[in-house]
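One letter stands for each residue in the lines below.
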Amino acid sequence: MRFDPDLLDKLRGAHHIAVFTGAGVSAESGIPTFREAQTGLWANFRAEDLATPEAFRRDPFTVWKWYEWRRDLMREVRPNPAHLAIAALEQRVPHVTVITQNVDGLHHSAGSTDVIELHGNIWNNFCFHCRQPGEPAASASDVPPRCAHCGGMVRPGVVWFGESLPAPAWHRAAEVSEHADVFFCIGTSSLVEPAASLPRYAQSCGRTVIQINPEATLHDGFARHVLRGKAGHIVPELLRAAWPEQREGA
Ligand code: BV8
Ligand code: ZN
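Residues numbered from 1 in each chain as written. Chains lettered and ligands numbered in written order. Predicted model: local features only at pLDDT ≥ 70, side-chain atom pairs only at ≥ 80, totals over all residues. Heavy atoms only, no water.

Engineer: I keep staring at the nonpolar core and nothing clicks. Help me out?
Structural biologist: Nonpolar side chains in soluble globular proteins tend to be buried together. One finds L11, I17, V19, F184 and I186 to be the most contacted residues of the largest nonpolar core, which totals 30 residues. At the level of secondary structure, the elements contributing two or more residues to this core comprise α1 (5-12), β1 (16-21), α5 (81-88), β2 (95-100), β6 (182-186), β7 (208-213) and α9 (231-242). Not counting the four nearest positions on each side in its chain, V19 is found in contact with I86, L89, V96, T97, V98, I99, F184 and I186. Ranked by size, the runner-up nonpolar core spans 18 residues in total, among them A173, A180, C185 and A223. (Core = buried A, V, L, I, M, F, W, Y, C linked by side-chain atoms within 4.5 Å. Buried < 20%, exposed > 50% of the residue type's maximum accessible area, 1.4 Å probe, protein only. Helix = DSSP H or I, 4+ residues; strand = E, 2+ residues; numbered from the N terminus. Contact = heavy atoms within 4.5 Å.)

This is the structure:
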């Protein structure tokens, strides 16, 4: 695969790289992207209609069961070459920050050490009423399980539609987008706000935006370089091209 020499020079000279990711970076691990996610039993539901506090209030059983179904899907999956190459960037560039919209935790599993989870993490739970972290007791027969502190319903530790993003995560993501030398945008349809505004913001701050996606996206126009293809193929190739002297995955 051939890359623009300017792009390779920019990567080699970078001090700080931001890697903004969406569901597409986990697609090759076998996790359906958010737009494809609804299959089988859940085919009749739209994700946007289940991932809301209103849906949880109205039908906590169904929403909790949906997350249990998604956790079961994710339990068996592993980081793919895209996650691993993004983690390996840390051996090549002084500072790498991953800003992810994904809730699957795969960037951590791949070894990335600076990960901002804008939309939370599906493996965490907290109480819908008192917001205390809530690990459901294994014996919990309630669905959803109950909070040990107040008896309220336990909910997944993700950001639902209509909920604000965690302020510390959002502020740090904006700050990194403003200062990183290079801003990768990998595997996102850039439809979900306010996360989708980050590539625009990075570009408006004069950062070099690089888009990696097999399909065209709304934000290709903000990218200095658009690399059309799957992340699991392109990201490892890009590292090999920019740092040929370094061993695989080192
Ligand atoms: C907020 C956690 C404000 C949950 C997620 C009308 C009514 C209400 C709200 C709104 C509205 N209009 C706009 C909004 C705002 C809303 C929003 O953006 N809605 C959308 C649907 C229009 N946003 C919110 O509500 C946010 N909060 O605005 O708060 C506020 C302010 C003050 C006070 C109170 C509130 C919160 C949004 C967070 C939602 N939670 N996840 C869960 O997972 O259950 S978002 C969820 O969808 C995912 O986490 C993910 O981030 C997102 C899906 O986006 P992508 O990751 O891009 O995935 P997608 O499937 O779309 O695309 C995949 C891409 O990968 C594609 O481009 C594909 O081509 C590519 N691809 C495929 N294969 C590969 C690949 N790329 C590379 N390699 C491959 N192999
Ligand atoms: Zn509680």
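Engineer: Honestly, empty space enclosed by the protein in this entry has me stumped. Any pointers?
Structural biologist: Gaps left between atoms show up when a probe the size of a water molecule is rolled over them. This model, assessed by the stated rule, comprises one cavity of 30 Å³ or more. Roughly 40 Å³ of internal volume is contained in the largest cavity. Listed by contribution, the elements that provide at least two residues to the lining of the largest cavity are β6 and α9. The leading source of residues in the lining of the largest cavity is α9, at three residues. Residue composition of the lining of the largest cavity, by class: eight nonpolar, no polar and no charged. (1 Å grid on protein atoms, 1.4 Å probe; cavity = no way out; pocket = protein on both sides within 12 Å on 5 of 7 lines; lining within 4 Å. Points joined across faces, edges and corners; volume = space filled by probe spheres on them. Nonpolar A, V, L, I, M, F, W, Y, C, P; charged D, E, K, R; others polar.)

Engineer: What am I meant to see in the side chain of T188 here?
Structural biologist: Along the polypeptide, T188 turns up in the loop between β6 and α8 (197-204). A polar atom in the side chain of T188 sits 2.8 Å from the side chain of Q101. A polar side-chain atom of T188 sits 3.1 Å from the main-chain amide nitrogen of S190. Aside from chain neighbours lying at most four places away, what touches T188 is F20, G22, Q101, N213 and T217. (Polar contact = N/O pair within 3.5 Å; in protein donor to acceptor, adjacent residues only side chain to side chain.)

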